Amino acid sequence: MMAGFGQGTRRYPRSRSRTWSRSGPDRATLGIIGVICAVAGFFVLGIILGPVAIVCGWLAMGRSWTGSRPVPALVALVLGAIDTLLAVIWLAGAATPGTGLF
């Protein structure tokens, strides 16, 4: 009875191809979400959606600059950076004394 104790894990090892939890979104989904956030950020809440697009693009690229870069991830990263930059410039312009939106 004790001879079989602990042998189940040696006969059937955990899959070596993945060592992380698969409950979150995959890289392709993160890239698409990043592109959607970047495009929506040009119209509303660019100061929030721009950084979200950057983070989604960076995670979709696998948090690395080396290797193959999926197109949606790179588009999300670049558009998110442009979106964030435009939002910061707009906020800085609106916050200067003597100038405003109206």
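Residues numbered from 1 in each chain as written. Predicted model: local features only at pLDDT ≥ 70, side-chain atom pairs only at ≥ 80, totals over all residues. Heavy atoms only, no water.

Description of the overall build of the protein
Part 1: Helix and strand counts for the protein stand at four helices and zero strands.
Part 2: Across the protein, helices and strands are ordered from the amino to the carboxyl terminus as α-α-α-α.
Part 3: Taking all 102 residues of the protein together, the buried fraction comes to 21%. (Helix = DSSP H or I, 4+ residues; strand = E, 2+ residues; numbered from the N terminus. Buried < 20%, exposed > 50% of the residue type's maximum accessible area, 1.4 Å probe, protein only.)

Looking at helix H2 (residues 27-41)
Part 1: With 15 residues, H2 extends 21 Å from end C-alpha to end C-alpha; this agrees with the ideal 21 Å at 1.5 Å per step.
Part 2: All of the buried residues in H2 are Leu30, Gly31, Gly34, Cys37, Ala38 and Gly41. Angularly, the buried residues of H2 cover 130° about the axis, an arc narrow enough to put them on a single face. (Expected span 1.5 Å × (residues − 1). Arc of directions from axis to C-beta.)

Things to note about the nonpolar core
Part 1: Core analysis: the largest hydrophobic core is formed by six residues, namely Leu30, Cys56, Ala60, Met61, Ala73 and Leu77.
Part 2: Every element with two or more residues in this core is listed here: helix H3 (46-60) and helix H4 (71-95).
Part 3: When sequence neighbours within four positions are dropped, the list of residues in contact with Ala73 reads Gly31, Gly57, Ala60 and Met61. (Core = buried A, V, L, I, M, F, W, Y, C linked by side-chain atoms within 4.5 Å. Contact = heavy atoms within 4.5 Å.)

A word on the state of the cysteines
Think of a disulfide as a covalent bridge from one cysteine sulfur atom to another cysteine sulfur atom.
Part 1: The full count for this structure, using the stated rule, is zero disulfides.
Part 2: For the unlinked cysteine Cys37, the closest cysteine sulfur is that of Cys56, found at 5.5 Å.
Part 3: For Cys56, a relative accessible area of 10% translates into the label buried. (Disulfide = S-S within 2.5 Å.)

Here's the deal with the confidence of the model for the protein
Part 1: Scored by pLDDT, the protein has a mean of 79; 69% of the residues are at 70 or more.
Part 2: Here helix H1 (residues 8-11) is the element of the protein with the lowest mean pLDDT, 53, and H3 is the one with the highest, 93. (pLDDT = per-residue confidence, 0-100.)

Some details on unusual backbone geometry
Part 1: Positive phi is not limited to glycine here, since Leu45 has a value of about 50°.
Part 2: Locating Leu45 in the fold gives a position in the loop between H2 and H3.
Part 3: By relative accessible area, which is 56% here, Leu45 ends up exposed.

Considering the environment of Ala87
Part 1: Position of Ala87 relative to the elements: it lies in helix H4.
Part 2: Ala87 sits 38 residues away from Leu49 along the chain, and the two C-alpha atoms are 10.0 Å apart.

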